[in-house]
Amino acid sequence: MDSPFKTPSKRSMSQMLPSSGSSSPFTPKRSKIKKISSDSVSRILAFDESNSRSPTRRKLDFLSFSQNSLLFNENANENELTPCEQTTPVKIEQSNCEKNKILLSPSIKVNPKRFNIPEQDKNIIKSSSNKRSGSINSTPSKKSKLSSIIAGCKKITSYFKPIQEKQNSLINVVGNHFLPTKHKIKEENVNSITENCIKTEKQVTTPDKNYNINKIQVRSPKIISVSSNHPFEQKTSPRKKVVENSHSNKTKPKELNMAEQVTPRKNGSINNSSMTSPRILENKVDISGGDTYSRFIKSIVLRPEILCFGKEDLMKKIESATNDELKIYGRLIARKHGWIRSNAPDGLQKYKELNLCDNFDSVLESLATKQLINTDVTSCELDTLLNILKTQELKELQKTFNIKLSFSKSQTKPAMIKSFVNLVKNQRTFCGNSTSNLKERIKNIIGYCLKLSDTSRNDIMSCLIYESYPYFSGEEKDRFRECFTKFNLVEKNLLKFPKFEAKRVSINFSSKEHFEMYITALNLRHEVQLLLEQKEHENAILVLCIMFENFKSAIRNKSIVESLSKIPTYLRKYTAISVYAHTLFKNITILKKCTSNINLAKEVLEFLLKYKEFSISKQADLHIELAKVYETQYKQLDRAANIILNGLKDDNMTELGRQMLSKRAVMYANRKVRKLDNELKNELLSFAPKTEKEPPSTTINGKIISVKEKGSSGRKQVYSKITDNGDCHYMSVEELAVSHYKSQGFLNGLHDEGQLIKSMFLLCFWDIIYGNYPPYVLFISQYQDCPLDWRTRHFYKIREQQIKDRIAELKKMNVDQICDILKKFCDEYFETQSVINWKYMNVDNLPLCRTLLECVGIKVFLAIGDQILKDGRIYLHGMPDLVVWDVNNHKCIFVEVKGPNDKLSERQYSWLLKLMEFGANVEVCHVVGTGGKNNN
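Below is a summary of the structure that appears in this document. Position numbers for residues count from 1 along each chain, tracking the sequence in the order it is written. The model is predicted, so local features are restricted to residues of pLDDT at least 70 and side-chain atom pairs to those at 80 or more, both for listing and for counting; the totals for chains, interfaces and linings are taken over all residues. Values shown for side chains rest on all heavy atoms present in the structure; no hydrogens or waters enter the calculation.

**Details of the overall build of the protein**
Working step 1: Think of it this way: any DSSP run of H or I at least four residues long counts as a helix, any run of E at least two long counts as a strand, and we number them from the N terminus. On a plain count of helices and strands, the protein comes out with 36 helices and 15 strands.
Working step 2: Summing over all exposed atoms, the protein offers an accessible surface of approximately 41100 Å²; the carbon and sulfur share of this is 46%. Accessible surface is estimated by sampling points in the Shrake-Rupley manner with a 1.4 Å probe; for residues, cover comes only from the protein chains shown.

Structural data, given as structure tokens:
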């Protein structure tokens, strides 16, 4: 049954799930789940930078000046609004307001509070705020209400025109144009995990501590108890942390063959060495009864593979717990870890009023007996106990013990707590009471209070990490909430995932030791994130040093290196070594600020480069960052140039990486100060391209009306344009470019950075993307929205023959036949969490897909998609901002828009060159801004 209890977080589901910017490059990009109704869920692709308030399913046949999607046509829909990125404040000129209409793009209309409007004009715009409900659903933006209040000012109108009649839908009868593939998708019931009762009567043998999980014979859940650190437990100062070196083996590590590890061989083998044949754990978890919280706890703990990680004691507690107990415990574990008072506004009384169980007090007593919760508040430290009290209660306690109050009007809570701690520290007793007596006095004030047992909670979080590591890529503090929300939505059939054959294997963690190392690495990464958020850079550097030592210790362990050499690189991202490598490189800027060890950044970069097989996607960046350190910090330009040269000589360097290194090589070779010797200079120039191609470009002018003020840095500029009838349009730089191309005859256009055309292509390969390809382990969890090798070179190599066959079939089709395929797959898989962006790729937009495909051409369309599948890590991003096309003349241009002082990134430049190579028309549109105002 549905639980009456709402999750503590009031954020929407789209806010809960991680963004692409925070995800690790070692994990597949995840999506944001967006929902506007009980049966409408959209998955946004990794290359989607859209605002979370965007509509889930959008028609693309209207005129919309939006940062997220900009489509123009001769007619437009007045009701469609799309929010855009944060924009620089706008100052509305009174002269324009008095004489003409001010036509706002949706970016200004949806949220005018983002703009710095003068006081006399603030009442012109009344924003209809986008209210966010406390549920997991996100609602689309409401239409802004604009009214005229200032006398003599005309009404501000939206920049939309009435829409034309919708084009006829495609025919429903769709022929199957695809030949049968060799690898069919095996359907699996995603909810089979929640159907039957738990069977716990079987007995098992307890495995040895480091016994290989892949060789263990699974019968029924039984595990060994062990405690491990977790990010949710009480934190200690990083200065007190001790670097634990559990790997005493100092043998020289086995060198890994980069050529074998990066790209699989064409014969299907990823490595020369035989890939570990994982032991498949066939026993499924059958859970039923209780509510969603209790079933979720059972699903992550009562798993056969958990017995290998030393959680026997926890499994016994969860197995013996009643549904009522798990209902309460599940809600408690979803909260922030800490003491919970009974009489607090958000305390235990809230759960009692929900009537979740018959006898609430007896349930708490039973949980305490099982040691799942701790009710002895006197067992904690004095400062922790004092922190449970409210400020007013602390003041009353100060009066009781005659502690003088501060002369300041508002004494802070930390200061009051410190006053008690100092007195206890300086004298054994005060006012005739010892520390224990003070704790008893505090206990009487607090009343009944509980906290989850640290050991049990940490064990459950470890089980959750094991269950969710194939699909979760957010921050550790959000793991429980996001995984529970996904579990809840799937149970209610509000969220669906592709049907594939998921193998429950443990190929990454061949022993309990390896799994505990992975958890420790995640904990340290989480602590670094918290310290950086609190701007405690010194403590963050200390934790990063601990990670560096652990990284070196793991590399020196022969058994760890050997086990990693037997698995493909796309699975190494789920290991402690990869977590350490990614975190260290991500925070290299912080390490450069270390004053106690000025060589720390250099040492880290050199070690990462030495073992670059654990930082495959960052090889070029590693060379560039180390070269910068030698150039700026040590003033050794020759050494910096040689580092770049070594990167260019690396046969496994990617095309984009080689392009980045070549650019820096030319910069060093042409240096006029501290010149390189001629031999090194000529060697660098030999790797530079002989003739550098430059994509065609055009330049347009635009009037900037943004107000330059404090706090506006990083926001988008706002441009104004006067129409023939004298109306003034406020728009972004992309909207200005679109209006320019519309005047050139390109009456159709889209600002989506290639999302629609990429989704069209990927949808044609749905069965290949989600197919099963033994012996490769591609799906472990039913909650995966993409295979584990997505966005890696392995993806193409594993499916090379199937991809080539499908492309050959599509080449023989015409536009109508490809659109029939799109319609068929849209009807079958719409809103399934996947690599498809359903916000653009839906049945309503199929007529638009048809015209776009006619103008782009099937050859170019297939070439773009083939490039994405070959190297998704690079080419899933960076496509030009706009695609504009002329239906009458069958012309299409991919346009990259650049505002003032904006330059092409290496990825964008690489995409433009690729499109030119494919025969597509490309153009860089430079916008020259005039005007602009300073607000002094």
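**Description of the pattern of salt bridges**
Working step 1: We define a salt bridge as a contact between a side-chain nitrogen of Lys or Arg and a carboxyl oxygen of Asp or Glu at a distance within 4 Å. In the structure shown here, the tally under the stated rule is 36 salt bridges.
Working step 2: Measuring nitrogen to oxygen at the nearest pair gives 4.0 Å for the salt bridge that ties D361 to K352.
Working step 3: Burial classes: relative accessible area under 20% of the type maximum marks a residue as buried, over 50% as exposed, and values in between as partly exposed (1.4 Å probe, protein chains only). Judged by its relative accessible area of 37%, K352 is partly exposed.
Working step 4: A salt bridge links K898 to D902, with the nearest nitrogen and oxygen atoms 3.7 Å apart.
Working step 5: Exposure remark for K898: the relative accessible area of 5% places this residue in the buried category.
Working step 6: Within this structure, E475, K477, D478 and R481 form a network of salt bridges that share partners.

**Thoughts on unusual backbone geometry**
Working step 1: The residue after P774, namely P775, is reached through a cis peptide bond having omega 5 degrees.
Working step 2: Counting through the fold element by element, P775 comes out in the loop between α29 (766-769) and α30 (793-798).
Working step 3: The phi torsion at N355 lies on the positive side, around 55 degrees, for a residue other than glycine.
Working step 4: Take N355: it is sitting in the loop between α8 (348-353) and α9 (360-369).
Working step 5: The phi torsion at E831 lies on the positive side, around 70 degrees, for a residue other than glycine.

**Here we look at the packing of aromatic side chains**
Working step 1: Working definition: rings of Phe, Tyr and Trp (its six-membered ring) pair if their centres are within 6.5 Å, and the pair is stacked with planes under 30 degrees apart, edge-to-face with planes over 60 apart, and tilted otherwise. On inspection of all chains with the given rule, the structure shows 31 aromatic pairs.
Working step 2: Ring centres 5.1 Å apart and planes at 70 degrees place the aromatic pair F509 and F515 in the edge-to-face group. For the pair shown, F509 and F515 are each scored as buried.
Working step 3: Of the aromatic side chains, those joined through ring pairs into one cluster are F500, W766, Y770, F779, F825, Y829, F830 and W838.

**Side note on the sheet that holds strand β7 (residues 373-374)**
Working step 1: If DSSP finds at least two bridges between two strands, the strands pair. On the basis of which strands lie adjacent, the open sheet formed by 3 strands has the order β6-β8-β7 and antiparallel pairing. Every other strand in the sheet has two partners, leaving β6 (340-341) and β7 as the edge strands with one partner each.
Working step 2: Note that β6 and strand β8 (residues 449-452) share 2 bridges and pair antiparallel. Bridge pairing in β8 links I340 to L450.

**Details of the pairing of β8**
Working step 1: Along β8, one buried face is formed by C449 and K451 and the opposite face, lined by L450 and L452, is buried too.
Working step 2: Where β7 meets β8, 2 bridges bridge the pair, whose relative direction is antiparallel. Bridge assignment links N374 to a residue of β8, and that residue is K451.

**Notes on the packing of helix α17 (residues 537-556) against helix α20 (residues 576-586)**
Working step 1: Relative orientation of the contacting elements α17 and α20 amounts to 140 degrees, with a least axis distance of 9 Å. Classed by the angle they form, the pair α17 and α20 counts as oblique. As α17 packs across α20, the resulting crossing turns out to be left-handed. Every residue of α20 that contacts α17 at L544, M547, F548, N550, F551, A554 and I555 is listed here: I577, V579, Y580, A581, T583 and L584.
Working step 2: Taken together, the residues of the contact of α17 with α20 sort by class into 11 nonpolar, 2 polar and no charged. Convention adopted: a line fitted to C-alpha atoms gives each axis, helices being fitted over their contacting stretch, and angles between N-to-C directions are expressed from 0 to 180 degrees. Throughout, the term roughly parallel applies to angles under 35 degrees, roughly antiparallel to angles over 145, roughly perpendicular to angles from 65 to 115, and oblique to all others. Crossing handedness follows the turn of the near helix against the far one: under a right angle anticlockwise gives a left-handed crossing, and clockwise gives a right-handed one. Working rule for contacts: check all heavy atoms of both residues, and any pair within 4.5 Å makes them a contact. Lys, Arg, Asp and Glu make up the charged group, whereas Ala, Val, Leu, Ile, Met, Phe, Trp, Tyr, Cys and Pro make up the nonpolar group; the residues left over, Gly among them, are polar.

**Here we look at the side chain of D767**
Working step 1: Its location among the elements puts D767 in helix α29.
Working step 2: Polar contact is the term for a pair of N or O atoms within 3.5 Å; when the atoms are in protein, one must be able to donate a hydrogen and the other to accept it, and sequence-neighboring residues count only if both atoms are side-chain atoms. Within polar-contact distance, the side chain of D767 engages the side chain of R806 at 3.1 Å.

**Details of the environment of E549**
Working step 1: Checked against the element boundaries, E549 lands in helix α17.
Working step 2: By relative accessible area, which is 35% here, E549 ends up partly exposed.
Working step 3: For the pair E549 and Y580, spaced 31 residues apart in the sequence, the C-alpha separation amounts to 9.7 Å.

**Thoughts on helix α31 (residues 800-811)**
Working step 1: Taking 1.5 Å per residue as the helical rise, α31 with its 12 residues ought to reach 16 Å, and the 17 Å between its terminal C-alpha atoms agrees with that figure.
Working step 2: For α31, every residue scored as buried is listed here: E800, Q802, I803, R806, I807, E809 and L810.
Working step 3: Where α31 is buried, its residues contact α29, α30, α32 (815-829) and α34 (858-870). The span expected for a helix works out to 1.5 Å for each residue beyond the first.

In short, shape yes, function no, at least from these values alone.
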